[in-house]
Amino acid sequence: MALETSVIQNKLIENFGLKVSDFVQIHDIFTFEVTPESIVEVMQFLKDDATLRFNFLTDVCGVHYPDYEVNRQFAVVYHMHNWVDNVRIRIKCYLNAENPEIDTVSNLFLSANWQERETYDFYGIIFKGHPQLKRILNMDEMTSFPMRKEFPLEDGGRTDKDDRFFGRTTQNC
């Protein structure tokens, strides 16, 4: 019998109450939100529970939402996979923009080590307790985080481009 999303949701609510919320099915991936303070215990439960068996961490990544309220401007997104039932889930943890910190899950999943370092390198999200949190792809001397949406996408002062070639017009057609 396949693992139903209702079983996942009920087990999480039963064990964690308001620490888990916003359950939704997006395409084929069951998605929900976890409070940042609870991420380690929730992921430990998902991994160890005899029914759930989410024993593979597929991905850890960051997202920057500059237009959201300050308490939700950054998110850490985790993708987990239950190989036995071939079920995938997505977990989102929203973080404060002024202090984007969350506990590391590298103690639970060794693959999180590099994935958390990459997320730190590109978004500046601090993973508390990480064994070696330092830049992984960018130079150590960099003071910015390149995936943050803090800079304009285009140089407004450029005169060598014609907006018509980019699908933009300045006239009403």
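I will try to describe carefully the structure that is included in this document. (Residues numbered from 1 in each chain as written. Predicted model: local features only at pLDDT ≥ 70, side-chain atom pairs only at ≥ 80, totals over all residues. Heavy atoms only, no water.)

1. Considerations on helix α2 (residues 39-48)
- Taken as a whole, α2 has its buried residues at Ile39, Val42, Met43, Phe45 and Leu46. Viewed along the axis of α2, the buried residues span an arc of 155 degrees, placing them on a single side of the element. (Buried < 20%, exposed > 50% of the residue type's maximum accessible area, 1.4 Å probe, protein only. Helix = DSSP H or I, 4+ residues; strand = E, 2+ residues; numbered from the N terminus. Arc of directions from axis to C-beta.)

2. Comments concerning the packing of helix α1 (residues 5-16) against α2
- For the pair α1 and α2, interaxial distance at closest approach is 11 Å and the crossing angle is 135 degrees. Between α1 and α2, the crossing angle belongs to the class labelled oblique. Taken as a pair, α1 and α2 cross one another with a handedness that is right-handed. In this structure, α1 contributes Lys11, Leu12, Asn15 and Phe16 to the contact, and α2 contributes Glu41, Val42, Phe45 and Leu46.
- For the contact of α1 with α2, the residue count by class is 5 nonpolar, 1 polar and 2 charged. (Axes fitted to C-alpha atoms, helices over the stretch in contact; angles between N-to-C directions. Parallel < 35°, antiparallel > 145°, perpendicular 65-115°, else oblique. Left-handed = near helix turned anticlockwise from the far one by under 90°. Contact = heavy atoms within 4.5 Å. Nonpolar A, V, L, I, M, F, W, Y, C, P; charged D, E, K, R; others polar.)

3. Quick notes on the nonpolar core
- The biggest cluster of nonpolar side chains holds 36 residues, and the ones touching the most others in it are Leu12, Met43, Leu46, Tyr78 and Ile91.
- Apart from residues no more than four positions distant in its own chain, Leu46 is found in contact with Leu12, Phe32, Leu52, Arg53, Phe54, Met80, Ile89 and Ile91. (Core = buried A, V, L, I, M, F, W, Y, C linked by side-chain atoms within 4.5 Å.)

4. A look at the packing of aromatic side chains
- Overall, the coordinates contain 8 aromatic pairs when judged by the stated rule.
- Seen from their ring centres, Phe23 and Phe30 are 5.7 Å apart, and the 20 degrees between their planes marks the pair as stacked. Take Phe23 and Phe30: they sit in the same class, and that class is buried.
- Ring geometry for Phe30 against Phe32: centres 6.1 Å apart, planes inclined by 50 degrees, an arrangement best described as tilted. By the burial criterion, Phe30 is buried, and Phe32 matches it.
- A connected cluster of aromatic rings, assembled from ring pairs, spans Phe23, Phe30 and Phe32.
- The aromatic ring of Tyr94 is capped on one face by Arg72, whose charged end is 3.8 Å from the ring centroid.
- In this structure, Arg117 packs its charged tip against the face of Trp114, placed 5.4 Å from the ring centre. (Phe/Tyr/Trp six-rings, centres within 6.5 Å; stacked < 30°, edge-to-face > 60°. Lys NZ or Arg CZ within 6 Å of the ring centre and 35° of its normal.)

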